[in-house]
Amino acid sequence: MKQITSAQNPYIKSLLLLQEKAKARKQTGTFLIEGKREILLAIKGGYHIETLLFYPELISENEINKLVQNTTDLIEINKDIFEKLAYRESTEGVIAVANSKSFSLSDLVLKENPLLLIAEAPEKPGNIGALLRTADAANLDAVIIANPNGDLYNPNIVRSSVGCLFTNQIATGTTSEIIAFLKERKINFYCATLQNSTSYHTQDFTMPSALVVGTEATGLSKEWREAATQNIIIPMQGEIDSMNVSVAAAILIFEAKRQRGF
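Residues numbered from 1 in each chain as written. Predicted model: local features only at pLDDT ≥ 70, side-chain atom pairs only at ≥ 80, totals over all residues. Heavy atoms only, no water.

Visitor: Please clarify how the overall build of the protein chain should be interpreted in this entry.
Guide: Counting its regular elements, the protein chain contains eleven helices and twelve strands. Against the compact-globule benchmark of 18 Å for 262 residues, the protein chain has a radius of gyration of 20 Å, which places it among compact chains. Projected onto its principal axes, the C-alpha coordinates of the protein chain cover approximately 60 × 40 × 30 Å. Classification of the 262 residues of the protein chain by burial places 48% in the buried group. Nonlocal contacts in the protein chain, meaning residues at least 24 apart in sequence, comprise 78% of its contacts between residues at least 6 apart. Summed over its atoms, the accessible surface of the protein chain is roughly 13000 Å², and 48% of this surface lies on carbon and sulfur atoms. Computing the positive centroid from 26 side-chain charges and the negative centroid from 29, the protein chain places the two 2 Å apart. (Helix = DSSP H or I, 4+ residues; strand = E, 2+ residues; numbered from the N terminus. Rg over C-alpha atoms; globule rule 2.2 N^0.38 Å. Buried < 20%, exposed > 50% of the residue type's maximum accessible area, 1.4 Å probe, protein only. Contact = heavy atoms within 4.5 Å. Areas by Shrake-Rupley, 256 points an atom, 1.4 Å probe, with all protein chains shown as cover. Lys, Arg positive; Asp, Glu negative; His and termini not counted. Charge placed at Lys NZ, Arg CZ, Asp CG, Glu CD.)

Visitor: I would appreciate a short explanation of the environment of Pro114 in the present structure.
Guide: Tracing the sequence through the fold places Pro114 in the loop between strand S5 (94-99) and strand S6 (115-120). Considering only alpha carbons, one finds Pro114 and Ser209, 95 residues apart in sequence, at a separation of 6.4 Å. Not counting chain neighbours up to four residues away, the residues in contact with Pro114 comprise Asp141, Ile187, Met207, Pro208, Ser209 and Arg260.

Visitor: How should I be thinking about the sheet that holds strand S7 (residues 142-146) in this particular structure?
Guide: Across a sheet, strands are paired by hydrogen bonds formed along the backbone, either parallel or antiparallel in direction. Across the sheet, which stays open at both edges, the seven strands sit in the order S8-S7-S6-S11-S9-S12-S10 with parallel pairing between neighbours. What marks the edges here is a single partner per strand, and that holds for strand S8 (170-173) and strand S10 (198-199). Where S7 lies against S8, four bridges are found, and the strand directions are parallel. Across the sheet, Val143 pairs through a bridge with Ile170, a residue of S8. The strands touched by helix H11 (residues 245-259) within the sheet are S6, strand S9 (188-192), strand S11 (209-213) and strand S12 (230-233), with S11 carrying the most contacts at an inclination of about 165°. (Pairing = 2+ DSSP bridges. Axes fitted to C-alpha atoms, helices over the stretch in contact; angles between N-to-C directions.)

Visitor: Just checking my understanding: could you explain the pairing of S11 for this structure?
Guide: Sheet faces and side chains relate simply in a regular strand, where the side chains alternate between the two faces. For S11, a buried count of five out of five residues is recorded, marking the element as mostly surrounded by other parts of the structure. Burial of the side chains of S11 extends over both faces: Ser209, Leu211 and Val213 are buried on one face and Ala210 and Val212 on the other. Direction of pairing for S6 relative to S11: parallel, over a ladder of five bridges. Looking at S11, one finds that Ile118 is bridged to Val212. As paired elements, S9 and S11 share four bridges and run parallel to each other. Its bridge partner being in S11, Cys191 is matched across the sheet by Val212.

Visitor: Whenever I open this one, the environment of Ser6 confuses me. Can you help?
Guide: Within the secondary structure, Ser6 sits in the loop between strand S1 (2-4) and helix H1 (10-20). The exposure class assigned to Ser6 is partly exposed, which follows from its relative accessible area of 34%. Linking Ser6 and Asp80, residues 74 residues apart in sequence, is a C-alpha distance of 8.1 Å. Filtering out sequence-adjacent residues up to four positions away, Ser6 remains in contact with Ile12 and Ile81. In terms of polar contacts, Ser6 uses its side chain to reach the backbone amide nitrogen of Gln8, at 3.1 Å. (Polar contact = N/O pair within 3.5 Å; in protein donor to acceptor, adjacent residues only side chain to side chain.)

Visitor: Looking at this model, I keep getting lost on the nonpolar core. Mind explaining?
Guide: The tendency in soluble globular proteins is for nonpolar side chains to be buried side by side. Core analysis: the largest hydrophobic core is formed by 49 residues, its most contacted members being Ile33 and Leu52. The element that contributes the greatest number of residues to this core is H11, accounting for six residues. Contacts of Leu52, omitting those with residues within four sequence positions, involve Ile39, Ile64, Leu67, Val68, Thr72, Asp73, Leu74, Ile75, Val94, Ile95 and Ala96. The next biggest cluster of nonpolar side chains, apart from the first, holds 20 residues, and it includes Leu105, Cys191, Val212 and Ala228. (Core = buried A, V, L, I, M, F, W, Y, C linked by side-chain atoms within 4.5 Å.)

Visitor: Please explain the pattern of salt bridges as it appears in this structure.
Guide: A side chain with one charge may pair with a side chain of the opposite charge, provided their charged atoms come close. Within this structure, the stated rule accounts for seven salt bridges. A salt bridge links Asp80 to Lys84, with the nearest nitrogen and oxygen atoms 3.0 Å apart. You can see Asp80 and its partner Lys84 sitting in helix H5 (residues 79-85), four residues apart, about one turn around the helix. On the accessibility criterion, Asp80 (36% relative accessible area) is partly exposed. Note on Lys84: relative accessible area 39%, which makes it partly exposed. Note that Glu226 is salt-bridged to Lys222, the shortest N-O span being 3.7 Å. (Salt bridge = Lys/Arg side-chain N within 4 Å of Asp/Glu carboxyl O.)

In structure tokens, the structure reads:
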């Protein structure tokens, strides 16, 4: 088994770049995953694990061998290296280097009557992670990110999704591409917006449907609002006219699930 004891090792420096730079993740086609649960979910989701780095004082070699197949390289690291690579305090002594996947719309496999979540240009990694967790909880058919502001393998997204980045079918594309995708497949899409909207619970989500949410600051673009099957709104009874995007998405998603008998 390999051992690395210096944080100045070129390989360790390359992993630190994966943490910090989207460009490095894109160029290498790899990213980092922390924690046993997240790694197991990534493997279940079809991700290939290139390398596992582990700190033996926090996790045993026997536990490591249970995580992955023999094709994965194992590297023992010390406390100094582990603390530099670990992105969160509660990581259980193991970090994986995984191969990224394509998020092409053409790769989505949808059933006959799908229910999708679409988020346009979400800005905060925490919100993206929360949206992915909600989508997993509802067992949605796919999550589509329109006009993404960054790459989905950002460590903050990986962390905040608690592994749901790997449990959902995910695709990205421009607003125009996604609208064309939905229309081609005859999927109705309901846009959460203040303009020209009707209450969400009056709509029929039992047919092939996509629920579309925008940012809290600017909402959905005009292109979405004008193309929508129907613009919908969650009636607000307080002083403000919006709520956190992941909360709004959850309300819409579980109304759709209720209508579908789940």
